[in-house]
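Commentary on secondary and tertiary structure
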Amino acid sequence: MSGRRTVYEIYWEILVYCKTPRSFTAIINRCDLNSKTGQEYIAFLAAKGYLSLVTEEEKARYLSTPAAAEYIALFSSLYQKLFDTGPGFRL
């Protein structure tokens, strides 16, 4: 398998990372995305109802919604079946 991540892996990484509220900057840094691409991924996940914008101490943060749990579980299961290992994420 190549070192490039698929869009589905990136969605998974963002959703797993945002199980606790995270800033936009933290997300793009941890998930190794540029700002433009990060905005597109986050906007897509928010539009699908998988990420919500919450305010913590007057700061905007993104948080995975309960609906995201289904995506995380399904993706993890599919990945396991395809590659005989769970998806890795360097937290």
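In the block above lies the structure referred to throughout.
Residues numbered from 1 in each chain as written. Predicted model: local features only at pLDDT ≥ 70, side-chain atom pairs only at ≥ 80, totals over all residues. Heavy atoms only, no water.

In this section: the pattern of salt bridges. Tallied over the full model, the rule gives 3 salt bridges. A salt bridge links Glu13 to Arg5, with the shortest nitrogen-to-oxygen separation between them at 2.4 Å. Residue class for Glu13 comes out buried when judged on its relative accessible area of 5%. Here Glu40 makes a salt bridge to Lys36, at a shortest N to O gap of 3.0 Å. (Salt bridge = Lys/Arg side-chain N within 4 Å of Asp/Glu carboxyl O. Buried < 20%, exposed > 50% of the residue type's maximum accessible area, 1.4 Å probe, protein only.)

Moving on, we get to the packing of helix α1 (residues 7–17) against helix α4 (residues 66–83). Packed helix pairs are specified by the crossing angle of their axes together with the interaxial distance, meaning the distance between the axes. As a packed pair, α1 and α4 sit with axes 10 Å apart at the nearest point and diverge in direction by 130°. In this view, α1 runs oblique relative to α4, as classed from their interaxial angle. You can see that α1 and α4 cross each other, and the crossing is left-handed. Contacts between α1 and α4 involve Tyr8, Glu9, Tyr11, Trp12, Leu15 and Val16 from the former and Ala68, Tyr71, Ile72, Phe75, Ser76 and Tyr79 from the latter. Residue composition of the contact of α1 with α4, grouped by class: 10 nonpolar, 1 polar and 1 charged. (Axes fitted to C-alpha atoms, helices over the stretch in contact; angles between N-to-C directions. Helix = DSSP H or I, 4+ residues; strand = E, 2+ residues; numbered from the N terminus. Parallel < 35°, antiparallel > 145°, perpendicular 65-115°, else oblique. Left-handed = near helix turned anticlockwise from the far one by under 90°. Contact = heavy atoms within 4.5 Å. Nonpolar A, V, L, I, M, F, W, Y, C, P; charged D, E, K, R; others polar.)

Right, let's get into the pairing of strand β2 (residues 59–64). When strand β1 (residues 51–56) meets β2, the two strands line up antiparallel, connected through 6 bridges. If you follow Thr55 over to β2, its bridge partner there is Ala60. Linking two consecutive strands that pair antiparallel, namely β1 and β2, is a turn of 2 residues; a positive phi of about 50° is found at Glu57 within it. (Pairing = 2+ DSSP bridges.)

Before going further, it helps to examine helix α3 (residues 35–47). Along its 13 residues, α3 runs 18 Å from first to last C-alpha, staying within 8% of the 18 Å computed at 1.5 Å per residue. Among the residues making up α3, those that are buried are Gly38, Tyr41, Ile42 and Leu45. All buried residues of α3 project into a common sector of 95° when viewed along the axis, lining one side. Opposite the buried face of α3, at more than 90 degrees from it, the exposed residues are Lys36 and Ala47. Of the surrounding secondary structure, the elements contacted by the buried residues of α3 are α1, α2 (24–30), β1 and β2. A side-chain oxygen of the first residue of α3 lies 3.2 Å from the backbone nitrogen of Lys36; this N-cap is Asn34. Once α3 finishes, Gly49 follows within two positions and takes phi at roughly 85°, a positive value. (Expected span 1.5 Å × (residues − 1). Arc of directions from axis to C-beta. Polar contact = N/O pair within 3.5 Å; in protein donor to acceptor, adjacent residues only side chain to side chain.)

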